[in-house]
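Letter by letter, the chains look like this.
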Amino acid sequence: MTLGLYTRRNRHRIVDDLDAAIERDPAASSRVDVALNSPGLHAIWAYRFAHRLWLRGGLLKLVARVTMTLVRSVTGVEIHPAAVIGQRFFIDHGMGVVIGETAEIGDDVMLYHGVTLGGRSLERVKRHPTVGSRVTIGAGARVLGPVYIGDDVQIGANSVVVKDVPAGAIATGIPATIRFPQGREDPYEAMFKDPAIWI
């Protein structure tokens, strides 16, 4: 791979991240605004750098870990460099987000502040969630263990998810219960039926 191709791909990914942030954050006024003022985006970019170091192995794994520890102290977002995160990932506000070592996240996923993708085991196994694409996880939600979250799922604020959630479902509550949108349900009206879906 030539350096030019590598640089173009990274530039394209940065623009994708910026545009995804603008699309999902009504307070964002421009790419420059988001690039300068989004701690979630800063954490994602640092993660992408640290993840590349992690994959190279050896002493670079330690450098990757130290990098993400420093990023956590600045942004309030803790992402293990071994986690696998897809494209156009966005963390709104950022503070208090934790993404564990064996977490896997698809494309076009959005997390709000205080979300934990955590483990429930002390064994050195797959112990963190796998999250599909186009998933939204509300503020303060906890998704724990090696559970699978399907594509197009919505997880409500402060919910605790410890079981798989099928594609297209809505998961809310403690422990989370799963339901599916009813036909052409108005999303705004649905939030009044189930306040935990406010994400």
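K.L.:
So, the overall build of the protein: which residues are in play, and what are the values?
P.N.:
When helices and strands are counted, the protein shows five helices and 15 strands. Going through the 199 residues of the protein one by one, you find that 46% of them count as buried. Taking all contacts inside the protein whose residues are at least 6 apart in sequence as the whole, residues at least 24 apart take part in 34%. For the protein, the computed accessible surface area is about 10,600 Å², with 59% contributed by carbon and sulfur atoms.

K.L.:
Describe the sheet that holds strand E11 (residues 148-149), naming the residues involved and giving the relevant values.
P.N.:
Taken in spatial order, the four strands line up as E2-E5-E8-E11 in an open sheet, and their pairing is parallel. Edge positions in the sheet fall to strand E2 (84-85) and E11, since each of these pairs with one other strand and no more.

K.L.:
I'd like a rundown of the pattern of salt bridges, residues and numbers included.
P.N.:
A side chain of one charge can pair with a side chain of the opposite charge if their charged atoms are brought near each other. Using the criterion set out here, one finds eight salt bridges in the structure. Its salt-bridge partner being Arg 72, residue Glu 78 comes within 3.2 Å of it at the nearest N-O pair. The partly exposed category is assigned to Glu 78, whose relative accessible area is 33%. Here the salt bridges do not stand alone but share partners, grouping Asp 16, Arg 88 and Asp 108 into one network.

K.L.:
Just give me the short version of the nonpolar core, but keep the residues and values in it.
P.N.:
Ranked by size, the top nonpolar core spans 47 residues in total, and within it Ile 99 and Ile 149 carry the most contacts. Counting residues per element, the ones that place at least two in this core are helix H1 (3-24), helix H3 (39-56), helix H4 (59-75), strand E3 (90-91) and strand E6 (110-111). Sorting elements by how many residues they give to this core places H3 first, with eight residues.

K.L.:
Before we move on, can you summarise unusual backbone geometry with the specific residues and values?
P.N.:
Residues Ile 174 and Pro 175 are joined by a peptide bond in cis, for which omega reads -15°. Its identity as a non-glycine residue notwithstanding, Asp 108 has a phi of 60°, on the positive side. Along the polypeptide, Asp 108 turns up in the loop between strand E5 (104-105) and E6. The residue Arg 134 is not glycine, and still its phi comes out positive at about 60°. Relative to the helices and strands, Arg 134 resides in the loop between strand E8 (130-131) and strand E9 (136-137).

K.L.:
Explain the sheet that holds strand E15 (residues 177-179) to me, using residue names and the numbers behind them.
P.N.:
Where strands meet in a sheet, backbone hydrogen bonds hold them as pairs that are either parallel or antiparallel. One open sheet accounts for six strands, arranged E3-E6-E9-E12-E14-E15; its pairing is mixed. The open sheet terminates on both sides in strands that have one partner only, identified here as E3 and E15. Where strand E14 (residues 170-172) and E15 come together, three bridges link them in antiparallel fashion. Within E15, the residue paired with Ile 170 across the bridge is Arg 179.

K.L.:
I'd like to hear about the environment of Gly 132, residue by residue, with values.
P.N.:
Counting through the fold element by element, Gly 132 comes out in the loop between E8 and E9. Separated by 26 residues in the primary sequence, Gly 132 and Gly 106 place their C-alpha atoms 4.8 Å from one another. With near-sequence residues (within four places) excluded, Gly 132 lies in contact with Gly 106, Val 109, Ile 149, Gly 150 and Asp 151.

K.L.:
Give me the side chain of His 128: which residues, what numbers.
P.N.:
Counting through the fold element by element, His 128 comes out in the loop between strand E7 (116-118) and E8. Note on His 128: relative accessible area 7%, which makes it buried. Among the polar contacts listed, one links the side chain of His 128 to the side chain of Thr 102, at a separation of 2.7 Å. For His 128, the contacting residues outside a window of four places in its chain are Gly 100, Glu 101, Thr 102, Ala 103, Leu 117, Gly 118, Gly 119, Gly 145 and Pro 146.

What counts as what
- Residues numbered from 1 in each chain as written.
- Predicted model: local features only at pLDDT ≥ 70, side-chain atom pairs only at ≥ 80, totals over all residues.
- Heavy atoms only, no water.
- Helix = DSSP H or I, 4+ residues; strand = E, 2+ residues; numbered from the N terminus.
- Buried < 20%, exposed > 50% of the residue type's maximum accessible area, 1.4 Å probe, protein only.
- Contact = heavy atoms within 4.5 Å.
- Areas by Shrake-Rupley, 256 points an atom, 1.4 Å probe, with all protein chains shown as cover.
- Pairing = 2+ DSSP bridges.
- Salt bridge = Lys/Arg side-chain N within 4 Å of Asp/Glu carboxyl O.
- Core = buried A, V, L, I, M, F, W, Y, C linked by side-chain atoms within 4.5 Å.
- Polar contact = N/O pair within 3.5 Å; in protein donor to acceptor, adjacent residues only side chain to side chain.

Any link to function would need more than the numbers given here.
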